[in-house]
Structure formats: structure tokens, C-alpha cells
Amino acid sequence: MSQAIKIAPSILSADFARLGEEVKAIDEAGADYIHIDVMDGHFVPNLTIGPVVVKSIRPHSKKPFDVHLMIEPVDPYLEAFSAAGADIITVHAEAGPHLDRSLQRIHELGKKAGVSLNPATPASAIEYVLDSVDLILVMTVNPGFGGQSFLTSQLAKIARIREMIGDRAIELEVDGGINPETARQVVDAGADVLVAGSAVFNGGDYGQQINALRGSAPKI
Ligand code: DX5
Ligand code: ZN
């Protein structure tokens, strides 16, 4: 199977004092999506950005904004992130009892709907929402911070979810500890969208880093 790999740099590792310029820079360096990590200090032990910041960086790129909501509750904020310019809105399966409702709401807002799984959450948690999602995000670290080490325990889950997806048009994204080496492992397991924060922003030339991640796709 040949896979077109997409790279989604996470702006969590960007220079927040120059966020607009950083977004423009990763866009020009070849990013496919702009990955935006939203944290609430409750669902995860960190605080990051809200809809106001998403809106302010929106003019700096025409690439899809891939908004990863690590917040609980999530439903009250979906409309605000939609209005701020999100294209893909991803919610966590663990963030509330009504995942199906959240996914429906995202579609009602006219956006692509994603669901994310923490490392300890089994693939079976999303078995009955597969026909309601456009993207599945497997966390390969415990969410909350950039720069953590990749959890190899998640490779089997990625492979299992790739099987579950079958011929559905669902993207399989991974997030956490992705570098050129782990990129190759997750792509081999079936991932087709790679989030990378520190590997893109802390490695020097953004274009070179993005190419290094993309180049890890198997040549088939
Ligand atoms: C972690 C975030 C990630 C993070 C990845 O909770 O969801 O998107 O920025 O950072 P790296 O690539 O440095 O692991
Ligand atoms: Zn993320």
C-alpha cells in the first residue's frame, strides 16, 4: 500500500512571541496541516491557547488548522473554535460521556471531526463512532507537553485502528515523540498524518525537518 504522508507541525513548540510568523514559516516550509494544541489545565496538566489566539493566527496561513482539543468539557467550546477558523476539530474520547454527540456537533458546524485516544485507551473505544469521524488521532505520549518520549506500546494500537478503518476515508494521525525514526515506525504501522512539535521547531531549518519526517515513509 502506498501512503501519502501528511506532516502537521505542532505550534506548541513554536516561539509564542512570534506565533504569526512561525505559522507562516511552517506553511512555507511545506506543512500540510497546522496542528494547534489546546489545553485546559484540567483534562491535561498544562494551559495553552484558546479561540482568540486561533483567530489571530488564522490570517497567517491558508493550510488547514488541525485543532486538538485537550479540554473537558469540550462541547461548550466547539462553536468558538469553529468560528475562530478551525478546519479539523479533534476531541478526546475520554473527555466526556457523549462522544457521538460532540462529533455530530462538529459536523453540524461544517468542520471535519476527529477523535483522539490517550495511550491507555483501547482502540475499541471508537468502534461505534467510526462512521462519524474524518480523523483518528492516536496519542503516542501522554498529552500535556511537547518533547516527551514516544511510547512504542502504541504501535499495535495504530495497526489495529488501521484495520478497523478498512476502506473508510478516515485519516490516521499520531502525536507525540515523532522524529524521523519513530515516523518510520508509525507509518509502517499504518499512520498517514504525523504531528511533530520539537522535531520541527527545535531542529533548525523547518523545511529540512519536515522533509526528514516525510522522507521516512516507505518507498513502495
Ligand atoms: C502533546 C501535544 C503534542 C505535542 C507534540 O500533548 O498534543 O501535539 O506538541 O510535541 P512533540 O512532537 O515534541 O512530542
Ligand atoms: Zn496535539
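From a predicted model like this one, the values you see are computed outputs, not experimental measurements.

Draft legend 1. Seen up close, the coordination of the zinc ion (ligand 2). At the metal site, the zinc ion (ligand 2) is ligated by His35 (NE2), Asp37 (OD), His68 (ND1) and Asp175 (OD), and these contacts range over 2.0 to 2.3 Å. For the zinc ion (ligand 2), the 6 donor atoms in the first shell make angles of 67 to 166° at the metal, a pattern classed as octahedral.

Draft legend 2. Structural context of the side chain of His92. Tracing the backbone through its elements, the reader meets His92 in strand β4 (residues 88-92). Within the local environment of His92, its side chain forms a polar contact with the side chain of Asn118, the two groups lying 3.4 Å apart. Not counting the four nearest positions on each side in its chain, His92 is found in contact with Phe43, His68, Leu69, Met70, Leu99, Ser116, Leu117, Asn118, Met139 and Pro143.

Draft legend 3. Region of interest: the packing of aromatic side chains. The final tally for this structure, using the stated rule, is 1 aromatic pair. When the centroid spacing of 5.1 Å and the interplanar angle of 65° are considered together, the rings of Phe201 and Tyr206 count as edge-to-face. Accessibility expressed as a relative area gives 9% for Phe201, which makes it buried. Stacked on the ring of Phe65, the Lys or Arg Arg58 has its end atom at 3.6 Å from the ring centre.

Draft legend 4. Layout of the pattern of salt bridges. A complete count under the given rule lists 13 salt bridges for this structure. Among the ionic pairs, Arg162 bridges to Asp192, the shortest N-O distance being 3.2 Å. On the criterion of sequence distance, the pair formed by Arg162 in helix α5 (residues 154-165) and Asp192 in the loop between α6 (180-189) and β8 (193-196) is long-range, its members being 30 residues apart. The buried category is assigned to Arg162, whose relative accessible area is 18%.

Conventions adopted
- Note that residues are indexed from 1 along each chain, following the sequence as it is written.
- Chain labels run from A onward and ligand labels from 1 onward, assigned in the order the entries are written.
- Reporting in this predicted model follows two pLDDT cut-offs: at least 70 for local features of residues, and 80 or more for side-chain atom pairs to be given and counted; totals over whole chains, interfaces and linings ignore these cut-offs and use all residues.
- Hydrogens and water are ignored here; the side-chain numbers use all heavy atoms of the structure.
- Excluding water, the donors of a metal are its N, O and S neighbours within 2.8 Å, or within 3.2 Å for Na, K and Ca, and that exclusion means sites may look incomplete.
- A four-donor site is called tetrahedral if each angle lies between 85 and 135 degrees; a four-donor site is square planar, and a six-donor site octahedral, when trans pairs exceed 155 degrees and the remaining angles lie between 65 and 115; all other cases are labelled irregular.
- Strands here mean DSSP runs of E at least two residues long; helices mean DSSP runs of H or I at least four residues long; both are numbered from the N terminus.
- Residues adjacent in sequence count toward polar contacts only when both atoms are side-chain atoms; beyond that, a polar contact is any pair of N or O atoms within 3.5 Å, and within protein one must be able to donate a hydrogen and the other to accept it.
- Any two residues whose heavy atoms approach within 4.5 Å are treated as being in contact.
- Only rings of Phe, Tyr and Trp enter the pairing, Trp through its six-membered ring, and a pair is recorded when the two centres are within 6.5 Å. The plane angle decides the type: under 30 degrees is stacked, over 60 is edge-to-face, the rest tilted.
- Burial status follows relative accessibility: with a 1.4 Å probe on protein chains alone, a residue under 20% of its type maximum counts as buried, one over 50% as exposed, and anything between as partly exposed.
- Only when the NZ of Lys or the CZ of Arg is both within 6 Å of the ring centre and within 35 degrees of the ring normal is a charge said to sit over the ring.
- Counted as salt bridges are all cases of a side-chain nitrogen of Lys or Arg within 4 Å of a carboxyl oxygen of Asp or Glu.

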